[in-house]
Amino acid sequence: MTEREKMLAGELYRPSDPDLTAERLRARLLFQKANSITEDYKEERNVIYNELLDCGENLWIEPPFYCDYGSNIKAGKNLFLNYNCCILDVGLVTIGDNVMFAPNVQLYAATHPLTAELRNSGQKLGQPITIGHNVWIGGNSTICPGVTLGDNVVVGAGSVVTKSFPKNVVIAGNPAKVIKDIDNS
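Every value quoted in this text rests on a predicted model; they were computed, and no experiment measured them.

1. Some thoughts on unusual backbone geometry
(1) Moving on: Residue P64 follows P63 across a cis peptide bond; omega there is 5 degrees.
(2) Moving on: For N84, which is not a glycine, the phi torsion comes out positive at approximately 65 degrees.
(3) Moving on: Here N84 shows up in the loop between β5 (79-81) and β6 (85-88).
(4) Moving on: Classification of N84 as partly exposed rests on a relative accessible area of 29%.
(5) Moving on: Notably, N152 is not glycine yet its phi reads approximately 70 degrees, a positive angle.
(6) Moving on: With respect to the element layout, N152 can be found in the loop between β15 (148-149) and β16 (154-155).
(7) Moving on: With a relative accessible area of 18%, N152 lands in the buried category.

Right, here's the structure in full:
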């Protein structure tokens, strides 16, 4: 397996691999260029973001935006990412339709081994993150590796989401817990 294949499979991988290093550099150059474009040239900025990410129609990103690879972010239509979003897409990050992120939302599909020996070896791990349709993630929230959020979930501002949640719930806190159900009938 290549280091990229290991990374996406959730196995230990070496981020110093030349191919992965080149992919991260490509992403960094693209998002830095897009982040530097003024509002007057928003269409040009969107072309770059669409080159970086695999997203459906109506992608709207308020810069700055940051990611590791971009190529591991798959999103549906009508995605809105507010200021200062960071997605560490070491694992596959899948985002549904009609999803909104408030400012400073962080998605961390990247993680590290728990044992010091493996952690110090320079190897890392990734776990996928899945965000359902019609999800709203409040400002300064963090979604941790391996989390799945069901359709219609609302994440309260400042939450740290360490586990998965089903559809139609409001979650909040550190660690996040269900605050109430949402009636979407």
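2. Side note on the sheet that holds strand β19 (residues 176-181)
(1) Moving on: The sheet built from 7 strands is open, its strands ordered β2-β5-β8-β13-β16-β18-β19 with mixed pairing. Among the strands making up the open sheet, the edge pair consists of β2 (60-61) and β19.
(2) Moving on: Pairing of β2 with β5 involves 2 bridges; the strand directions are parallel. Among the inter-strand pairings, W60 is bridged to a residue of β5, identified as F80.

3. Section: the packing of aromatic side chains
(1) Moving on: One pass over the full model with this rule turns up 3 aromatic pairs.
(2) Moving on: Pairing Y49 with F65 gives two aromatic rings, centres 6.0 Å apart and planes at 85 degrees, and the pair type is edge-to-face. Taken together, the residues span a long stretch of sequence, with Y49 in helix α3 (residues 42-52) and F65 in strand β3 (residues 65-67) at a distance of 16 residues.
(3) Moving on: A centroid spacing of 5.8 Å and a plane angle of 85 degrees characterise the contact between W60 and F80, whose relative ring orientation is edge-to-face. Taken as a pair, W60 in strand β2 and F80 in strand β5 lie far apart in primary sequence, 20 residues in all.

Basis of the calculations
Residues numbered from 1 in each chain as written. Predicted model: local features only at pLDDT ≥ 70, side-chain atom pairs only at ≥ 80, totals over all residues. Heavy atoms only, no water. Helix = DSSP H or I, 4+ residues; strand = E, 2+ residues; numbered from the N terminus. Buried < 20%, exposed > 50% of the residue type's maximum accessible area, 1.4 Å probe, protein only. Pairing = 2+ DSSP bridges. Phe/Tyr/Trp six-rings, centres within 6.5 Å; stacked < 30°, edge-to-face > 60°.

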